[in-house]
Structures are given as structure tokens and as C-alpha cells.
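# Analysis of the macromolecular model
Each chain is listed here by its residues.
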Amino acid sequence: MRSASKAPDGTTGTSGTTFDRVLLGGKVLLLLAGLALVLAFPGLAPDAFILSVGVTIASYAALAVGWNFVGGFTGYISLGHAAYSGLGGYATALLIIDGGLNPWLALGVGALGVAVVAVPIGVASLRVRGASFVIVSIAMVLILLLVSQSWADVTGGSSGLRVPRPFSDDVLRPEQHERFFYLHVALVAVALLVWWAIDRSRFGIGLKAIREDEDKAQSLGVPTFKYKLVVFVISAFFTALAGGMYALWFGYLDPIFQFSILIGSYMVLMSLLGGIRSLFGPVVGAVIVGYSLEYFKNQYGDSQFHLVALGLMLGLVVLFMPDGVLPAIGQLVNRFRPTATSIREESAADLLARTTKTEPRQAEEVSR
Amino acid sequence: MSGSLLLQSLILGILLGGLYALLAAGLTLYFGVMRVVMIAHSAFLILAAYLAWYFNRETGIDPLLSLLVTVPLFFVAGVAMQRLLLSRLRPATLTMMSVLLTFAIALTIEGLLGYVFTGTQRRIQLDYSGSSFEVAGANIAVVKLIAFGLAALSLLGLYLLMKKTRFGQALRATIQHPEAARLLGISTDRIAGYGFGIGLATAAVGGTALALDSTIYPSLHWHWIGPLMAIIVIGGLGSIPGAAIAAMLLGVTQSLLQVPMGTTWAQTVFYIALFATLMVRPQGFFGGRLAQRF
Amino acid sequence: MSTRSLETEGLTKSFGGVHAVNGASVAFQDGKINALIGPNGSGKTTFFNCVTGMIRADSGRVSYRGDDVTGAAPHRIAAAGIGRSFQLCRVFPRMTVLDNMLVGVRPQGLLHRLRGGHNAGDIARARQLLGRVGIDHLERSEARDISYGQQKLLELAGVLMTDPETIMLDEPAGGVNPALIGRLGTLVRELNAEGRTFIIVEHNMEMVMSLSHHVVVFDRGAPIAEGDPATVQNDPRVLEAYLGV
């Protein structure tokens with residue numbers, strides 16, 4: 001909560017301690033350093049290949065942040081977000097090729113179109129929770145794969161689709177990479193800004209309440225379905241933008257790779273590894289996972305070994321670090337926090353209440 | 001569509017539906033005993049198919065005999081998976097995290113299959129591979145009939161196990177009301193382990209049946225998991241009869257649509273049915289109390 | 001103000017052939033502390049869930065202050081002015097205590113919600129309510145880190161944040177120590193004195209009898225007796241239902 005220093009009834013809040021100020025300063029410094037490193041990366045990259053890996057990772061980050069609008073706020077894990085990145089890519093490409101639109105306009109219009117398509121999909125899939133939602137999200141990708149492969153007149157089918165380049169051919173390969181690197185970074189920045197704004201808003205509080213306990217949120221008056229649908233559409237929009245941007249950079253679309261479960265699972269793994277409840281979680285996850293994926297693909301080439309690596313990483317994260325890296329670091333830092341709450345004198349009832357501390361989460365699980 | 005073609009499609013649909021039903025029953029078992037949606041089910045199916053193919057290639061013996069190895073092996077693997085991996089997940093997030101964990105297992109299996117056997121398409125050649133017989137003008141391949149027979153026998157075995165044995169009683173009690181089952185002295189953890197073992201054993205049987213008449217490759221499991229997931233949601237998560245009925249209906253529909261629409265478009269029937277179900281009856285058509293919250 | 005509060009007529013809900021609520025017609029008294037008691041499995045919680053829209057009843061009607069709210073979604077029931085707590089207490093574990101409070105801010109319309117950050121007035125009200133239940137010093141803790149008793153208080157404060165005219169509590173005294181039960185009782189009395197109606201499902205007879213003005217007794221999914229605590233306590237049907245004589 002922001003700057004809550006004094007409560008109206010005169011009791012001191014626990015914020016505003018020196019520790020918090022130091023922590024905030026550290027965070028700002030870290031953020032600035034990270035930003036400087038990102039902006040300097042194209043200059044530091046030794047060759048075009050490393051630069052292209054950078055673009056790939058930035059693209060992963062854009063996808064993961066787009067995914068995290070649904071995953072992070074509502075806790076609905078979609079394994080099928082490749083549906084929206086793929087649709088974004090195809091929409092952008094087709095609007096340029098068949099619609100004759102300017103590439104950047106095509107990107108925006110395409111993403112808006114995907115957002116519109118996401119409304120009925122959201123209406124259908126958000127009616128169910130948990131596992132059923134995941135199943136439906138997977139089904140979406142499989143349907144789109146079937147359709148895009150069969151509908152060869154439009155999508156180029158299995159032979160793929162060439163996307164016209166937005167920059168003229170005079171711009172050399174490394175220069176292309178550099179421009180697209182910054183474009184992707186800008187997209188990530190905008191998406192993060194929107195995520196941050198929602199996180200602070202009352203809308204965000206309602207969404208997080210849905211993540212924690214949907215029935216309870218609804219009983220407190222949150223119109224849960226509407227909330228989920230809105231954030232779902234926002235998520236589809238940003239994911240489609242990321243997919244379209246990738247299409248413009250890569251210049252070629254193939255249904256098998258666009259509508260692939262793997263892309264969706266990358267987004268999940270990245271966000272989960274970084275921490276879905278943190279603003280920068282998906283970005284951190286994208287850097288770690290993106291780098292590892294490129295490393296494994298590079299080391300083991302065409303073999304399917306990178307799938308094993310991906311599978312093992314995902315399994316380990318789910319088993320041992322389901323909250324992600326950033327929350328784990330946060331908890332570590334919090335251990336050094338001087339315990340502010342102990343300053344306040346406790347009433348007898350508080351002490352009594354504390355002695356009855358049980359495991360409420362477990363109890364609740366039983367009642368479900 | 002001519003009469004004999006229609007009959008042939010119908011019969012093929014029933015044969016296919018039988019296999020779907022067996023596999024969907026396995027998925028339903030996992031969900032029933034632990035509220036886990038097992039994405040890796042079809043990856044294990046393909047793994048079993050590869051084992052049958054490898055067994056046949058190395059020994060030259062009929063792949064059906066590989067069942068003697070794969071079924072116990074998969075049973076043990078299922079118990080181990082439940083005891084060692086899934087039981088470690090926090091109960092509060094079990095359903096969601098188990099989807100991801102089993103998804104990770106599926107990726108690992110697919111990757112390993114690709115790594116060991118390469119991505120080349122494989123097919124078992126048997127002396128009866130090409131043989132078929134005619135019923136009223138419809139042409140039915142012997143291997144498809146054997147595959148159906150295997151599936152039907154296993155389903156019957158599963159049914160008898162569930163209905164007639166003490167273990168089956170405990171299993172059903174665990175599925176319907178875990179807390180009550182615990183109060184009756186049933187060790188639900190152990191039962192859940194065995195439920196997982198049996199579920200995975202259905203994948204072993206299904207995989208062998210599949211290997212008899214299909215070309216297999218590592219990423220084939222994605223073609224199975226979608227339809228199977230659709231079947232269990234439509235049937236109502238947790239209901240074995242619901243899953244079996246949905247499997248039969250959809251298998252037949254898919255087979256009938258293949259003639260006018262082609263194989264690819266015919267597969268969309270599963271997803272159309274899935275979305276229609278969600279709009280009309282999100283808890284599925286045969287699911288009870290269980291299905292509503294998942 | 002109208003004297004009609006929450007009323008049901010022939011409310012029925014069955015699970016797989018078992019009638020959890022069986023044609024229940026109940027009228028609760030406005031401005032009073034109503035209690036709903038009955039043996040285990042008599043359908044009290046299912047009744048609660050049907051009334052608040054968590055479960056859809058098979059048949060029957062629910063009305064609140066004369067308006068038909070049968071089958072309305074939970075957030076509509078909340079908007080109509082009915083707040084509820086859950087059995088075994090439910091809070092949002094990985095949100096701070098203060099954020100837990102802000103979930104219930106009204107109005108809940110999406111446009112209101114999208115418009116900017118938090119309103120200082122909402123935060124002040126949240127703190128005031130936290131202070132009232134005595135956990136304002138914990139506002140920055142995550143709800144999962146506070147004790148069970150504190151979570152119960154937080155849940156009540158969170159419900160109050162929606163400013164409900166009627167508050168339904170599902171076993172408020174379940175699993176908490178005597179000191180806290182006393183504190184909850186005092187809070188309920190105070191809030192009632194301010195004009196809020198209570199409907200409480202409770203097993204703790206001492207609490208029910210000392211607190212409530214009007215008691216409804218459930219057995220097998222329907223009311224078998226109602227009246228003031230003293231009358232109900234001596235009703236032979238109630239004794240029969242409880243003791244199975």
C-alpha cells in the first residue's frame with residue numbers, strides 16, 4: 001500500500017521505517033541498473049547472433065508479461081496463450097499482405113481484432129475454473145492449429161507465410177535486430193506500466209481477491225465474471241501485440257510454431273519461475289528461461305533434448321518454487337526487517353487469540 | 001454417402017470410441033482419486049506404443065505380448081508418480097499445479113522419445129497388418145478389431161474391479177467422498193496411489209492397441225490429449241460412465257464426419273462439443289457435485 | 001423502514017437425491033439478531049449458500065425486503081445489502097490485511113474500479129473498521145501470517161466494509177477461544193444496536209441463547225420451530241431433533 005504513514009485514529013502505521021526506505025532505494029537502484037543494462041545491450045552484444053538471442057528473449061518477456069495479466073492477477077493458468085500470440089502474428093501479416101496496411105498500423109489493428117475475438121473465448125472458458133480452464137486453453141491452441149493448417153488459402157498452411165519487413169532492405173541484419181530489440185523492450189515497458197497501474201487500482205484488488213478465493217470475493221460484491229473477462233481481454237491484446245511484433249521481426253510464420261503448446265508453456269514457465277505475483281517476475285523468468293532454451297537448442301541442436309530440459313525445469317519449479325524467484329528473494333530480505341509489530345502492546349485477547357493459531361488453509365481445503 | 005460406407009464409418013467410429021473410452025476412464029480415475037488432471041496420460045500412451053514397437057522390432061514377437069511387461073511397469077510407475085511427485089504438491093493449489101507438473105512430465109517423455117528413437121515415424125509390420133474382413137460391404141481391419149477387443153476387455157476388467165471387489169469399493173468411496181472414506185478407515189493415500197497405477201495401466205493397454213494400427217511419432221500425444229480432455233470435461237469430470245458415453249458418441253461422430261469433411265476438420269468436433277458443453281452445462285453432462293468446482 | 005427482512009418460501013436443494021434443504025419457508029426479523037440452529041447435517045449451511053447465491057436452489061423463492069432475489073448471483077446479493085462470513089473463516093491469504101478490507105469497497109462497478117487508485121476515504125474507513133475489531137496494527141501483514149482468531153476478526157471487518165444491512169455469520173464461534181467468542185458477541189450486539197440485522201448459524205448454544213432475539217430451529221432441511229430463545233429451548237420438537245428421543 002502506498003505511503004500509508006499515519007492512521008486516522010493516531011496509531012502509528014508500520015511503514016516509513018528506515019528499513020523500508022533503504023529497501024525502496026535499493027529497489028530503485030536495481031531497477032535503474034537493470035534498465036541501463038537492457039538499453040546498453042545492443043551496443044555490448046559482440047555479434048548479430050547474440051543480438052538476435054537478445055531479441056528472442058525480449059520477445060519472450062513481452063509474451064510472458066502479456067500472459068501474466070490473467071495468470072498473475074486471477075491465478076487462472078492458461079497453457080494456450082499461444083492462441084493469441086499466433087493470432088496476433090497472423091492478423092498482422094494478413095493485414096499487411098491482403099489489407100495493404102502500414103505494418104505498424106497492422107500490428108495495432110491486428111491486436112485489437114484479437115482482443116475482440118478473445119471476448120467470446122473468454123465468455124466460454126472463464127465459466128469454469130482450475131483444471132477445466134487449463135483444458136479449454138489447450139483446446140483453443142489445438143483448434144487454431146488444425147484450422148490454420150487446413151485453411152491453406154489464407155494462412156499458407158503448412159508451407160508457412162512470409163511477412164513483409166517493415167524496414168526497407170537497406171537496413172542491414174544487425175541494425176534490424178537492434179531496432180526490434182528496442183521495439184520489444186518498449187512493448188514490455190508499456191505492458192509493465194499497465195500491469196502496475198492495475199496492480200495499484202481497486203480493480204486490481206478485486207482481481208487478486210479472485211485469485212485468492214473467488215467465491216469469497218463474489219460474496220463481498222465483486223462481479224467476478226466481468227472482472228475476469230476484462231483482464232482476459234487485456235491479456236489477449238498484449239499477447240497479440242507481442243506475437244505481431246515477433247512476426248514483423250522474424251518475417252515468417254508457420255502454424256506448427258505459432259499455434260504450439262510449447263509457446264504457451266514457455267509463458268507459464270517464465271512467469272511462474274519469476275513469480276506471477278510480482279511486476280518483474282515474468283521478465284526475470286523470461287531472461288532465465290529464454291537464455292536456457294537458447295542454450296539447450298544451441299547445444300543439442302535438432303534433437304528433442306530441449307523438450308526434456310524444458311520439462312525438467314517446469315517440473316522443478318512447480319515442485320520446489322511455485323511462488324517464484326522474486327518472492328523468495330523478498331522473503332529473504334524480509335528476514336532482516338526489524339519486527340515492527342512487536343512494538344505495539346498486545347491486549348489480553350490478542351494473546352489469547354494467538355494461542356489458538358491453527359492451520360486455517362488446511363481446514364478450508366477440507367471443507368471444499 | 002453410400003450405405004456400406006456409412007456402415008463402415010459407424011463401425012470404425014465404435015472401434016475408435018472403445019479406445020477413447022478406455023483412455024478417458026484412466027483420466028477419470030486420476031481425477032477421481034486425487035482431483036488431478038493428468039496431461040501426461042497421452043504421453044504415456046505414446047510411450048507404451050513405442051515400447052510395443054521396440055519390443056516387436058528387437059524380438060520379433062507379437063507386440064501384444066509386450067503388455068505382460070508394460071502393464072505392470074506402468075502400474076508401478078503410476079503408483080510411484082503419485083507417491084513421489086503429486087503428493088508433494090500443496091493441497092490448496094493441487095489441481096492447477098498438478099496440471100503443470102504432468103504437463104512437464106509429458107514434455108520430458110516426448111523429448112526423451114525424440115532423443116532415443118528420433119522423430120522418425122514408426123510403424124509395426126505384422127503378418128496380419130493388412131488383413132481385413134467384410135461385414136455387409138464394410139471393410140474392417142483385423143488390427144482395429146483386436147485394438148477394440150483389448151480396450152473392451154480392459155474396460156470390462158476395470159468395471160468388475162470397481163464393482164465387485166473390496167478394493168474397488170474403497171476406490172469408489174475415495175472418489176465419491178474422501179473424508180468419509182478416511183473416517184471408515186480407508187487409507188485414501190494408498191488408494192490414490194493404486195488409482196494412479198491403474199490409470200497408467202490403461203495407457204499401457206491403449207498404447208499397445210494404438211501401436212497395432214497406427215504410425216507413431218513422439219509428438220503424437222498432442223493429437224490425443226485434446227480429444228481426451230474434451231471427452232472428460234463433456235462427460236463431467238470424475239464420472240467414468242460419463243466419460244465412456246462421451247467417448248463413444250464423439251468417436252462415432254468424428255468417424256462419420258471424416259468422410260465428408262476430411263480428418264483434420266473432423267477432429268474439431270471434440271472442441272466444438274467442448275465449447276458447446278461449457279456454454280450449456282459447464283459441469284459436464286454426467287458429472288455430479290464434483291465437477292462443479294473444477 | 002420496512003419490517004420485512006430476508007424471507008424464503010419453499011426453498012429446496014438436493015444433492016444426488018438427498019434433500020439438504022427441503023421446502024424451507026423462513027422469515028427472519030428485521031433489525032434483530034436471528035439465530036439459525038439445528039443438528040449437524042440439518043441443512044443450515046446449504047440454506048445459507050442458497051440464500052446468498054453460492055448454490056442455485058432447485059425450487060422455491062428467496063426475497064429480501066420484499067424484492068425477489070431468487071437465483072441472483074452472489075455479488076448481486078451483496079449489492080442488495082447482505083454480507084456473509086464463511087464456515088471455518090475465509091480471507092484472502094496472500095493479500096495484506098488492508099487490501100483484504102479494500103475488496104469490499106462499494107460501489108463495485110467496473111468503471112468505478114478502473115478509475116485510478118484508492119480513495120483516501122476508503123482507506124480511512126478500512127482502518128477505522130480494523131480498529132473497531134482490534135487488528136489495525138496488522139494492516140501490512142499478509143492475511144496468511146496472522147492468527148486464526150485474527151483472521152476471523154478480519155473476515156467480519158471485511159464484511160462490514162461492504163456496509164451490509166444484514167449480516168449472515170456461519171459459525172462465528174467455531175474454533176475460537178472463549179475470550180474471542182466474548183469479543184465477537186459484543187461486536188454483534190453493538191452492530192445490531194446500530195441497526196444491522198444478523199442471521200447467525202451457530203453450534204455454541206450459550207452464545208446463541210445469550211445473543212439472539214429470535215431463533216429458528218432446522219431439522220432435515222426445514223424449520224421445525226421458531227421463537228424467542230426461552231421458548232425454543234423448551235420446545236419438545238427441538239429436544240427430539242437434537243437428542244433423537
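Predicted, not measured: the structure shown is a model, and the values here were computed from it. (Residues numbered from 1 in each chain as written. Chains lettered and ligands numbered in written order. Predicted model: local features only at pLDDT ≥ 70, side-chain atom pairs only at ≥ 80, totals over all residues.)

## What about the overall build of chain C?
Along chain C, the regular secondary structure elements total 10 helices and 10 strands. Against the 2.2 N^0.38 benchmark of 18 Å for 245 residues, chain C shows a C-alpha radius of gyration of 18 Å, consistent with a compact globule. By principal-axis analysis of the C-alpha atoms, chain C measures approximately 55 × 40 × 40 Å. Taking as baseline every contact in chain C between residues at least 6 positions apart, the subset at least 24 positions apart corresponds to 69%. (Helix = DSSP H or I, 4+ residues; strand = E, 2+ residues; numbered from the N terminus. Rg over C-alpha atoms; globule rule 2.2 N^0.38 Å. Contact = placed C-beta atoms within 7 Å.)

## Thoughts on the overall build of chain A
Looking only at helices and strands, chain A has 17 helices and 2 strands in total. The buried share of chain A, reckoned over its 368 residues, is 51%. Looking at chain A alone, contacts between residues at least 24 apart form 76% of all its contacts between residues at least 6 apart. (Buried ≥ 20, exposed ≤ 12 C-beta atoms within 10 Å, placed from the backbone.)

## Comments concerning the environment of Thr239(A)
Residues and elements named next belong to chain A. Residue position: Thr239 is located in helix H10 (residues 224–250). Between the C-alpha atom of Thr239 and that of Phe320, which follows or precedes it by 81 residues, the distance is 28 Å. When sequence neighbours within four positions are dropped, the list of residues in contact with Thr239 reads Leu63, Gly66, Trp67, His81, Tyr84, Ser85 and Gly88.

## Observations concerning the domain arrangement of chain A
Residue and element names in this part refer to chain A. Split into domains, chain A comes out as domain 1 (67–259) and domain 2 (262–332). Here domain 1 and domain 2 have C-alpha centroids that lie 19 Å from each other. Among the elements of the structure, helix H2 (48–74), helix H3 (82–97) and helix H7 (173–200) are those that each provide at least two residues to the side of domain 1 that touches domain 2. Broken down by element, the side of domain 1 that touches domain 2 gets its largest block of residues, 5 residues, from H7. For the side of domain 1 that touches domain 2, the residue count by class is 9 nonpolar, 7 polar and 1 charged. (Domains from an automatic or database assignment. Nonpolar A, V, L, I, M, F, W, Y, C, P; charged D, E, K, R; others polar.)

## A closer look at the sheet that holds strand S6 (residues 82–84) of chain C
Residues and elements named next belong to chain C. Sheet architecture is open: 6 strands sit in the order S6-S7-S8-S3-S9-S10, paired in mixed fashion. Every interior strand has two partners, whereas the edge strands, S6 and strand S10 (222–227), have only one. Ignoring strand direction, the axes of neighbouring strands in this sheet form an average angle of 20°. With 5 bridges joining them, strand S7 (residues 166–170) and strand S8 (residues 197–201) adopt parallel strand pairing. When the sheet's bridge partners are listed, Leu169 is paired in S8 with Ile200. (Pairing = 2+ DSSP bridges. Axes fitted to C-alpha atoms, helices over the stretch in contact; angles between N-to-C directions.)

## Description of the sheet that holds strand S2 (residues 18–29) of chain C
Residue and element names in this part refer to chain C. Within the open sheet, the 4 strands sit side by side as S2-S1-S4-S5. Their pairing is antiparallel. Of all strands in the sheet, those with a lone pairing partner are S2 and strand S5 (67–68), marking the two edges. One ladder, built from 5 bridges, connects strand S1 (residues 4–15) with strand S4 (residues 59–64); its direction is antiparallel. From the neighbouring strand, Thr8 faces S4, where its bridge partner is Val62. Across the sheet, helix H1 (residues 44–51) is in contact with S1, S2 and S4; its angle to S1 comes to roughly 115°.

## What about the pairing of S8(C)?
All names here are of chain C. Across the 5 residues that make up S8, a large majority, 5, are buried. Side chains of S8 alternate between two faces, with Thr197, Ile199 and Val201 and Phe198 and Ile200 buried alike. As judged from the 4 bridges shared by strand S3 (residues 33–37) and S8, these two strands associate in the parallel manner. Bridging across to S8, Asn34 finds its partner in Ile199. Crossover S7 to S8 through helix H7 (residues 178–193) is right-handed. (Right-handed = clockwise from strand over helix to strand, strands pointing away.)

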